[in-house]
Each structure stands twice: as structure tokens, then as C-alpha cells.
Amino acid sequence: MAVVGAGYTGLWSAYYLAIHQPDLRVAVVESEVAGFGASGRNGGWCSAKIAGHRAVIARKHGRDAAVRLQRAMFATVDEVGRVAAREGIDAHFDKGGTVTLATAPGHVPRLQASIDLERTWGFGAEDWRWLDAAAARERLEARTVLGAVYTPHCAALHPARLVRGLAEAVERKGVRIFERTPALAI
């Protein structure tokens with residue numbers, strides 16, 4: 001099996017191929033070095049946020065598919081942390097969640113409405129919840145805050161450490177990575 005690109009997508013694909021089919025020969029080709037592009041230089045967030053809008057996904061694929069996708073995104077944040085721990089990748093993974101602050105009176109009803117919307121999709125307080133002003137101030141040591149929305153489904157990490165550690169992990173599983181080897185055709 002050939003995988004083109006040694007960013008997160010290519011390396012995670014190679015990782016799970018090696019885990020689920022250990023007898024499969026897997027090679028990853030990369031025109032630069034593993035993690036050279038956006039995977040090694042992103043903002044350092046492992047987020048469960050879906051690219052695009054859940055309602056659009058629901059229109060195209062059904063409501064259940066949109067909810068399953070969101071739940072899979074939640075699980076993915078935890079899986080990244082589990083793999084980093086299992087493989088000894090020191091990516092500074094810290095699952096602290098995301099806090100969206102209300103710092104003006106108009107923010108409060110909008111943020112609370114966002115939680116109400118999540119409830120209509122079947123997501124509970126374990127996924128998104130309101131923090132009153134005191135809880136928000138305590139969590140972030142923010143002084144001028146009126147409340148906040150909190151979701152636990154986000155982690156901070158060191159992107160370059162994660163991608164390089166993942167490259168080393170797949171090589172330990174027998175995957176060959178060919179850096180400075182551009183794919184000329186697929």
C-alpha cells in the first residue's frame with residue numbers, strides 16, 4: 001500500500017493500516033520531510049470542531065450521519081491522546097477543552113442559544129455547557145466575563161512533536177517512510 005504525503009492524514013492512515021493489517025507492506029512517500037507542511041506547523045489544537053456546518057451535512061447525508069460524525073470527532077480528540085501516550089509521543093497533549101467567553105451583555109443570549117441548539121442535536125452537558133460568570137472567571141482567571149460556553153472536546157498539543165513522533169511510531173510498526181521523494185503519479 002502506498003500513501004502519498006507524510007502529514008497527519010498520511011501518517012494516521014499508515015498507523016492504522018499497520019495496526020489493523022500488520023502483514024501489509026506500507027510505504028509513505030513525502031516530497032519534503034514528515035510533517036513539513038501544515039501538520040507540523042498548525043496552531044496546536046486538536047479540536048472536535050467539524051469543518052463546515054452540521055446542518056449542511058445533515059441535508060446531504062441525514063441527521064443521524066451528522067450526529068455520528070460529531071461524536072466521531074469527539075472520540076478522535078481522545079484517540080490522539082491515547083495514541084500519543086501508548087506510543088510514547090511527547091506532544092505535550094493537554095485536553096483542557098474550549099471556553100468561549102461572554103464579555104459583553106449581548107454575548108450571553110447568543111452563547112446560551114448555541115447550547116440550546118446543541119441540545120436539539122442530542123448533545124448534553126457532557127458535550128457543551130454554560131459556565132456562569134464565577135465559574136468562567138475561576139476557570140480562566142478572566143476578570144470581566146459574564147459567563148462562557150465550555151466543551152471538553154479539545155486539546156492543546158505541540159504539532160511538530162506529534163507529527164514527528166507519529167512518523168517514528170509508524171516506522172517502528174514496519175512502515176517505510178521515503179522523505180524527499182515526490183509522488184510523480186497516482
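Structural data are supplied above this passage.
Residues numbered from 1 in each chain as written. Predicted model: local features only at pLDDT ≥ 70, side-chain atom pairs only at ≥ 80, totals over all residues. Heavy atoms only, no water.

Caption draft 1: Up close: the pattern of salt bridges. Per the stated rule, a full pass over the model turns up nine salt bridges. Measuring nitrogen to oxygen at the nearest pair gives 2.9 Å for the salt bridge that ties Glu-179 to Arg-164. Here the residue Glu-179 occupies a position in the segment after β8 (176–178), and Arg-164 occupies one in helix α7 (residues 159–172), the gap between them amounting to 15 residues. By relative accessible area, Arg-164 is classed as partly exposed at 36%. It is possible to trace a salt-bridge network through shared partners that takes in Glu-87, Arg-172 and Lys-173. (Salt bridge = Lys/Arg side-chain N within 4 Å of Asp/Glu carboxyl O. Helix = DSSP H or I, 4+ residues; strand = E, 2+ residues; numbered from the N terminus. Buried < 20%, exposed > 50% of the residue type's maximum accessible area, 1.4 Å probe, protein only.)

Caption draft 2: Inspection of the sheet that holds strand β2 (residues 27–29) at higher detail. Spatial ordering of the open sheet is given by β1-β2-β8, a layout of three strands whose pairing is parallel. Each end of this open sheet is capped by a strand with a single partner; those strands are β1 (2–4) and β8. Sheet twist, expressed as the mean angle between neighbouring strand axes with direction ignored, is 20°. Examined bridge by bridge, β2 and β8 share three bridges and lie parallel to one another. In the sheet register, Val-28 faces β8, and the bridge partner there is Ile-177. (Pairing = 2+ DSSP bridges. Axes fitted to C-alpha atoms, helices over the stretch in contact; angles between N-to-C directions.)

Caption draft 3: Expanded view of the packing of helix α1 (residues 8–20) against helix α4 (residues 63–87). For the pair α1 and α4, the least separation of the axes is 14 Å and the interaxial angle reads 65°. Comparing the axis directions of α1 and α4 gives the class roughly perpendicular. Regarding α1 and α4, the two cross each other, and that crossing is left-handed. When α1 is examined against α4, the residues Trp-12, Tyr-15 and Tyr-16 are found in contact with a partner set consisting of Glu-79, Val-80, Val-83, Arg-86 and Glu-87. Grouping the amino acids of the contact of α1 with α4 by side-chain chemistry returns five nonpolar, no polar and three charged. (Parallel < 35°, antiparallel > 145°, perpendicular 65-115°, else oblique. Left-handed = near helix turned anticlockwise from the far one by under 90°. Contact = heavy atoms within 4.5 Å. Nonpolar A, V, L, I, M, F, W, Y, C, P; charged D, E, K, R; others polar.)

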